[in-house]
Amino acid sequence: MSFLWGVMGGPSAGPQPSGAETIQKLCDRVASSTLLDDRRDAVRALKSLSKKYRLEVGTQAMEHLIHVLQTDRSDSEIIGYALDTLYNVISNDLEEEEQAEVSTQFYFLGDLGMLECQPISRDCDTDKFLFRMSWKHAASQLEFDFHVRWPGVKLLTSLLKQQGPQVQQIILVSPMGIVVEDCLLLLQNLLKNNNSNQNFFKEGSYIQRMKPWFEVGDDNCGWSAQKVTNLHLMLQLVRVLVSPTNPPGATSSCQKAMFHCGLLQQLCTILMATGVPADILTETINTVSEVIRGCQMNQDYFASVNAPSNPPRPAIVVLLMSMVNERQPFVLRCAVLYCFQCFLYKNQKGQGEIVSTLLPSTIDATGNSVSAGQLLCGGLFSTDSLSNWCAAVALAHALQENATLKEQLLRVQLATSIGNPPVSLLQQCTNILSQGDKIDRRGSKVQTRVGLLMLLCTWLSNCSIAVTHFLHNPANIPFLTGQIAENLGEEEQLVQGLCALLLGISIYYNDNSLENYRKEKLKQLIEKRIGRENFIEKLGFISKHELYSRAAQKPQPGFSSPEHMMFDHEFTKLVKELEGVISKAIYKSSEEDKKEEEVKKTLEQHDNIVTQYKKVIREQDQELEELKQRITTLMSQNEQLQATVTQQVSQIQQHKDQYNLLKVQLGKDTQHHNSHGDTFQMNGIQTEEVSKLKEELEEWKNKHELLQGLIREKDFLIEKLKSSQLEIGTTELSSQNSRSDGLEHNNELQKELEMLRSQLQLQSAEISQLLIENQKLQVMNTTADPVLGDSGVIVAKSSELEGQLEQQIKELKSEVKALSEEKESLKQHLDSSSSTVAILQDEKIKLQQEVAESKKEQDDLLVLLADQDQKLSALKIKLKDLGVPVEDEDDIESGDQGDEDEDVEEEEQD
């Protein structure tokens, strides 16, 4: 003790030993002491000196510390001291003061950690052992002592920092350090039953990174043991995220993420692949089961998966074939049953698809394909008791909480033998149940009867029609009462309890439609043949059974052997629900039954009324959505019509501009004619021919004015058409009047066009006659009388007159030509005007029709809006009654209306 007291810093007599001497004595003490307490004290003293005297402790005590790790591993305290000492020697994470002290004591430079690692690496076995011990104490799942695991983790970290490649190599070849497996185990422990970690894993998009783990090639032979282990752990990791014990919202979000990232598709690929090891295939089936459980999207995808066979078969059918095959491993058959249960869990669509394969209208008469329903019936009536139980439970899940399918399954008819009439599926189940002891089976006969009783109880519960069909067979009730009344062995007590449950369901869900099997008579039968107390006691055998408690714990059927396969998880929920109500129903009197029936009827009526209201509300919501869509469509159509009207207005304005331009051109031509007439008079030519030409020009002028009048009338007609288009839809009477006016104007326009054409023809004839008269005038001038004067003067005057006449004739010809061109242009304008008017008439008719339709639709919308206003008013009244402040919109509307009136008055004043 004096030695230790000196080491620990207490007062001592005499000279103090040096640090190296103290370390040497402590090492001798560790090596030679036979008592664990002495070795522990010495290692604790080495730990206290290891930071200050790293080099001495590392060179002198290393082997002794490793020996302690090997021999004293049962004592966690000394192991922790040893690991801490090794960490202090190897680590270079020192505080500044400690580094200063170390620098004064050691005269060499370099990395102390690297220096102290060198002696370790000289001995490969010692090196491996140190790493192995560090890894064991740091990562062991069985060691939970923090004082051991924490130093082990620190030591490993330091070793990786100092000699990373060497440490990695040693870990990789060590049986205790396969790294991926341990990481997966660690990840499972972090995620299991930890909602926050699971949310972090999901929100960090780590589910998507799991997909490459499940990519398998076409050639699946030669799976190594480590690959099987790693993939098995990955499948378990997926199951941790979608476990039925997790909160429903967390499980659902993970299931959706696994579908969207393709993980479910990859799992189904492994499920249908060949060459996959049996344990991997079994765990994959369990994983797919929980990924699709309760998720409609994933269940629909799983229903569409086909096996790569010729011809392709649905994956569900292939799995069911394995479930009813007695040569398949027991764990695989349990996994398939679990997968089928998860596929049908809260999946009424999938339940209907399974039951439909049993109905007469959907059965394949050719026999080319095997359906799921046929496989279930085959397993239900097989000589293998395990197949009977699995098929009965699977079919019960197809009926779970679905009264419609329970009624439809009553239609299923089975051909038992050639020449005999077919029997219903319900009758065949009761026949096998009553003859169970006589049929030679492989396995437990109790297992077969328990499976059939669970199916019948699930089928008859909450389905009065199925109860009536069951009671219609006169042999069923005597069989049940006989089974319950007998005093059988412990193995048969479970069957008695289930028979009591089935009889109680026949009473509780009995609608009294059969006179001989009314509720009161069945209760009297129980009182006479069994006794109420005895019946309740037999009914309680179910929940008291050990296998019942195991099945109630989790949905997955986990049985150690086929003989323990008795109860289904969902059936335990049904027993828990019905046990109490059946016990009460047995003791109720007929009056209480009548009152209960009345209450049930009232509740059913209430439920029907609520259902009807829900249906009406759904229909109204649908109609409201349709009306909203229709309003949106009408608004878009209205916008299109407004755009069309705007376009037509712009076209009309363009035509108006063209007519105005034409009028300007005609005005210039008139001025040109007037100037020519003045010039003609100024020349002093007073011959009769020139007078005639002047008169004809006057006639042309009158005709031109007439054409201008026609153009003005056309302008007036266009303006009127424009105004009629803008005023279409005000009233039906105005639309009819505008239509009749348009037709009258159209007729007048046709008449005017015909008159104009005839006038143009007359003008062309007059022009031709004028040309002829001009030619005659030239001849007369050349043959004039010489008596009028001197020949020279006459000749000169004749020549001058001839020249003037020729000039005038040229001018007249040019005017005639110009008039002809004007005539052609006017004709073209008239033709275009006629076509424009016709087009406008057609567009006017179309617009009138569209406006009438729009008006009708607007009237319908006004009616709907009036209904909505009434509903809003009613809601406001309710809100006011409830005390909620509601702003009155009348003041706001009146204020808005006043603003609108002021705007209208200002526009009228402008």
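Residues numbered from 1 in each chain as written. Predicted model: local features only at pLDDT ≥ 70, side-chain atom pairs only at ≥ 80, totals over all residues. Heavy atoms only, no water.

Draft legend 1. Summary view of the overall build of the chain. Looking only at helices and strands, one finds 39 helices and four strands in the chain. The 910 residues of the chain split such that 40% are buried. As presented, the chain carries roughly 51,000 Å² of accessible surface, and 53% of it is formed by carbon and sulfur atoms. (Helix = DSSP H or I, 4+ residues; strand = E, 2+ residues; numbered from the N terminus. Buried < 20%, exposed > 50% of the residue type's maximum accessible area, 1.4 Å probe, protein only. Areas by Shrake-Rupley, 256 points an atom, 1.4 Å probe, with all protein chains shown as cover.)

Draft legend 2. Structural context of the packing of aromatic side chains. The tally for this structure, following the rule as stated, stands at eight aromatic pairs. Relative to Tyr301, the ring of Phe259 lies with its centre 5.9 Å away and its plane at 70 degrees, an arrangement referred to as edge-to-face. With Phe259 in helix H15 (residues 248-260) and Tyr301 in helix H18 (residues 296-304), this residue pair connects regions lying 42 residues apart in the sequence. What makes Tyr301 partly exposed here is its relative accessible area of 22%. Ring geometry for Phe567 and Phe571: centres 6.5 Å apart, planes at 15 degrees, overall stacked. Across the pair, exposure class does not vary: Phe567 and Phe571 are buried alike. Chaining the aromatic ring pairs together yields one cluster made of Phe200, Phe201 and Tyr206. (Phe/Tyr/Trp six-rings, centres within 6.5 Å; stacked < 30°, edge-to-face > 60°.)

Draft legend 3. Structural context of the nonpolar core. Counting 140 residues, the largest nonpolar core has Phe214, Phe302, Leu425, Trp459, Leu501 and Phe567 as the members making the most contacts within it. Top element by residues in this core is helix H20 (residues 330-344). It accounts for 12 residues. With residues near it in sequence (within four places) discarded, Phe567 still touches Trp389, Met454, Leu494, Ile542, His545, Leu547, Tyr548, Ala551, Phe559 and Thr572. In this structure, Cys27, Ile66, Leu159 and Val167 belong to the second largest nonpolar core, which totals 30 residues. (Core = buried A, V, L, I, M, F, W, Y, C linked by side-chain atoms within 4.5 Å. Contact = heavy atoms within 4.5 Å.)

Draft legend 4. Representation of the packing of helix H28 (residues 476-485) against helix H30 (residues 519-529) within the structure. Between H28 and H30, the least distance of the axes is 11 Å, while the angle of their chain directions is 35 degrees. Considering only the axes of H28 and H30, their crossing is right-handed. Facing Ile477, Pro478, Thr481, Gly482 and Ala485 of H28, the residues of H30 in contact are Leu522, Leu525 and Arg529. Of the residues that constitute the contact of H28 with H30, the class distribution is five nonpolar, two polar and one charged. (Axes fitted to C-alpha atoms, helices over the stretch in contact; angles between N-to-C directions. Left-handed = near helix turned anticlockwise from the far one by under 90°. Nonpolar A, V, L, I, M, F, W, Y, C, P; charged D, E, K, R; others polar.)

Draft legend 5. Seen up close, the pattern of salt bridges. Under the definition given, this model contains 17 salt bridges. Put simply, Arg29 and Asp38 hold a salt bridge, and the shortest N to O gap is 3.4 Å. The partly exposed category is assigned to Arg29, whose relative accessible area is 24%. Measuring nitrogen to oxygen at the nearest pair gives 4.0 Å for the salt bridge that ties Lys521 to Glu515. (Salt bridge = Lys/Arg side-chain N within 4 Å of Asp/Glu carboxyl O.)

Draft legend 6. Molecular detail of unusual backbone geometry. Residue Pro311 follows Asn310 across a cis peptide bond; omega there is 0 degrees. Secondary-structure assignment places Pro311 in the loop between strand S1 (306-307) and strand S2 (313-314).

Draft legend 7. Up close: the confidence of the model for the chain. With 67% of its residues at a pLDDT of 70 or more, the chain has an overall mean of 77. Counting contacts from residues 94-124, a segment whose pLDDT is below 50, to residues more than four positions away or on other chains yields 40 contacts. Predicted confidence for residues 890-898 stays below pLDDT 50, and this span has one contact to residues more than four positions away or in other chains. (pLDDT = per-residue confidence, 0-100.)

Draft legend 8. Looking closely at the state of the cysteines. Across all of its chains, the model carries zero disulfides by this definition. The thiol of Cys390 is unpaired, and the distance to the nearest cysteine sulfur, on Cys334, comes to 6.3 Å. (Disulfide = S-S within 2.5 Å.)

Draft legend 9. Looking closely at H18. Asn298, Gln299 and Phe302 are the residues of H18 that are buried. What you see down the axis of H18 is that its buried residues fit within an arc of 100 degrees, all on one side. On the buried face of H18, the contacting elements are H15, helix H16 (263-272), helix H17 (278-292), helix H19 (315-323) and H20. (Arc of directions from axis to C-beta.)

Draft legend 10. Fine view of the packing of H28 against helix H29 (residues 493-508). Put simply, H28 and H29 touch, their axes get as near as 9 Å, and they point 140 degrees apart. Viewed along their axes, H28 and H29 adopt a mutual orientation that is oblique. The two elements H28 and H29 meet at a crossing, and its hand is left-handed. Judged by residue contacts, Ile477, Leu480, Thr481, Gln483 and Ile484 of H28 engage Val495, Gln496, Cys499, Ala500, Leu502 and Leu503 from H29. Class assignment of the residues belonging to the contact of H28 with H29 gives a composition of eight nonpolar, three polar and no charged. (Parallel < 35°, antiparallel > 145°, perpendicular 65-115°, else oblique.)

Draft legend 11. Spatial organisation of the side chain of Lys523. Assignment of secondary structure puts Lys523 in helix H30. A relative accessible area of 5% places Lys523 in the buried class. Excluding anything up to four places from it in sequence, Lys523 contacts Ile507, Ala585, Ile586, Lys588, Ser589 and Asp593.

Draft legend 12. Helix H12 (residues 179-191), seen in detail. Its 13 residues place the ends of H12 18 Å apart at the C-alpha level, agreeing with the 18 Å of an ideal helix rising 1.5 Å per residue. All buried positions along H12 are accounted for by Leu184, Gln188 and Leu191. Across the axial projection of H12, the buried residues extend over an arc of 75 degrees, all falling on one side. Elements in contact with the buried residues of H12: helix H13 (195-203) and helix H14 (225-241). Positive phi appears at Asn193, one or two residues downstream of H12, with a value of about 55 degrees. (Expected span 1.5 Å × (residues − 1).)

Draft legend 13. Geometry of the side chain of Thr284. In this fold, Thr284 is placed in helix H17. Residue contacts for Thr284: discarding those within four places in its chain leaves Leu235, Leu267, Ile270 and Leu271.

Draft legend 14. Expanded view of the environment of Pro360. Mapped onto the secondary structure, Pro360 falls in the loop between helix H21 (348-356) and helix H22 (372-380). Considering only alpha carbons, one finds Pro360 and Gln413, 53 residues apart in sequence, at a separation of 7.8 Å.

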